Amino acid sequence: MTILVTGGAGYIGSHTSILLIEAGYDIIVFDNFSNASHESIKRVEKIVGQSITLIEGDIRNRTDLENVFSSYSIDAVIHFAGLKAVGESVEKPLSYYDNNIYGTMVLCEIMSKHNCKSIVFSSSATVYGDPHTTPIKEDFPLSATNPYGRSKLFIEEMLRDLHISDSSWKIVLLRYFNPVGAHSSGTIGEDPNGIPNNLMPFIAQTAVGKRSYLSIFGDDYDTHDGTGVRDYIHVMDLADGHVKALNIIKNLSKVMTINLGTGTGYSVLDMVKAFEKASGKKVPYQIAPRRAGDVAKCFADPSYAKKILGWEAKKGIVQMCEDSWRWQANNPDGYKGKSI
Ligand code: NAD
Ligand code: UDP
């Protein structure tokens, strides 16, 4: 089976590409490199010991996609491509609607034209907004507090409408919780542009000495130590969820919406302590005001993923921190450092 991996050079896409190849799929990575580097794919090739078909293109560009679908017989698409920074989405909402929503529209249109109607979509726990309780189940009410979240919500709705219009579409919506960690080789990982927005890369860059301290956004939440609680999930576990989704996609008769999380919530301070232990480095921090839009607690009920996909997260907080640290320590400047 041949899988088109849009956004396959990015953080989650590069890790998923490894498991897809190891599971015997042929893959084509399609990426516009707006938030990725060719080096990530070179390193994936090294890990899997084979070359990867890589197409530089944009999902908003019909010609780029037409070229791919007319050159290869593609059985399914795993659709990672998109913009993902919440703060930036507030400043540049039109870029988010253009890249994420319009890009997905064009992708689905070209897929349909070429009779490729199987898609696994990267959704997010952000679609639950401020959940009334935890753990979060797939049937909880949905809402969005920023353009990024709204783009994910809208794409979910668009894909549901597509299925209503044509039930031969096979659609899996994977709602990721907080992906962290890196491949155990330490050669690929998360490589944010500029100052990281997310906790884990910020902690890692502080431990390696690139940042002087971590600002902890609020210590007065209703959680066990007052800092925000999230469901951190190892990126290789998340990658495995995509392989498992492909295993069932052929037989689907309805749109499947599935949480990918561990079911365990850790606070910011829990993560800082675990990272210090894994790295042997201090992570200095200061308590700062709450960040606008943050919720106190967000963690998954992952039981549906287990039931439907036979998937559950296997890697715990120690492995998440050890693998993040190996990547960060070996590559303090990310992919901009020396080529391997
Ligand atoms: P990433 O930025 O590392 O990867 C996205 C990739 O898509 C990048 O390689 C980028 O160059 C590419 N891309 C962006 N716009 C494109 C376009 N118009 N055409 C072609 N390629 C394009 O992000 P990631 O963390 O790997 O996230 C992958 C997906 O998962 C995204 O859709 C993101 O919204 C979603 N997601 C991520 C998280 C997270 O915390 N990382 C959480 C929930 C959901
Ligand atoms: N966080 C923090 N300092 C940072 C980045 C994040 O205290 O520099 C906190 C944030 O308030 C939240 C948790 O870490 O409680 C996870 O934040 P992240 O941005 O990684 O994920 P999300 O908010 O999308 O769940």
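Residues numbered from 1 in each chain as written. Chains lettered and ligands numbered in written order. Predicted model: local features only at pLDDT ≥ 70, side-chain atom pairs only at ≥ 80, totals over all residues. Heavy atoms only, no water.

This paragraph deals with the sheet that holds strand S12 (residues 266–267). Backbone hydrogen bonds hold the strands of a sheet together, and the pairing may be parallel or antiparallel. Spatial ordering of the open sheet is given by S12-S9-S14, a layout of 3 strands whose pairing is mixed. Each edge of the sheet is formed by a strand with only one pairing partner; in this case those strands are S12 and strand S14 (297–298). (Pairing = 2+ DSSP bridges. Helix = DSSP H or I, 4+ residues; strand = E, 2+ residues; numbered from the N terminus.)

In the region of ligand 2, 14 residues are neighbours, and Leu199, Ser215, Arg230, Arg291 and Asp294 sit closest. The contact in question runs from an oxygen atom of ligand 2 to an N or O atom on the side chain of Arg291, over 2.8 Å. Surface burial for ligand 2 is 86%, taken as the share of its 510 Å² of free accessible area covered by protein chains. If one sorts the elements of the shell around ligand 2 by residue count, strand S8 (residues 214–217) sits on top with 4 residues. Tallied by class, residues from the shell around ligand 2 come to 6 nonpolar, 5 polar and 3 charged. (Near = heavy atom within 4 Å. Polar contact = N/O pair within 3.5 Å; in protein donor to acceptor, adjacent residues only side chain to side chain. Areas by Shrake-Rupley, 256 points an atom, 1.4 Å probe, with all protein chains shown as cover. Nonpolar A, V, L, I, M, F, W, Y, C, P; charged D, E, K, R; others polar.)

Attention now goes to the pairing of strand S5 (residues 118–124). Counting buried positions along S5 gives 7 out of 7 residues, so the element sits mostly inside the fold. Of the two faces of S5, the one holding Ser118, Val120, Ser122 and Ser124 and the one holding Ile119, Phe121 and Ser123 are both buried throughout. Where strand S4 (residues 76–79) lies against S5, 3 bridges are found, and the strand directions are parallel. Within S5, the residue paired with Ile78 across the bridge is Val120. For S5 and strand S6 (residues 170–176), the ladder comprises 7 bridges, and the chain directions are parallel. Opposite Ser122, over in S6, you have Leu174 as the bridge partner. The parallel pair S5 and S6 is bridged by helix H6 (residues 147–165), and the resulting crossover is right-handed. (Buried < 20%, exposed > 50% of the residue type's maximum accessible area, 1.4 Å probe, protein only. Right-handed = clockwise from strand over helix to strand, strands pointing away.)

Once that is clear, we can look at the pattern of salt bridges. The full count for this structure, using the stated rule, is 20 salt bridges. Linking Glu39 and Arg43 is a salt bridge whose minimum nitrogen-to-oxygen distance equals 2.9 Å. With Glu39 and Arg43 both in helix H2 (residues 38–48), this residue pair falls 4 residues apart, about one helical turn. With relative accessibility at 8%, the residue Glu39 sits in the buried group. (Salt bridge = Lys/Arg side-chain N within 4 Å of Asp/Glu carboxyl O.)

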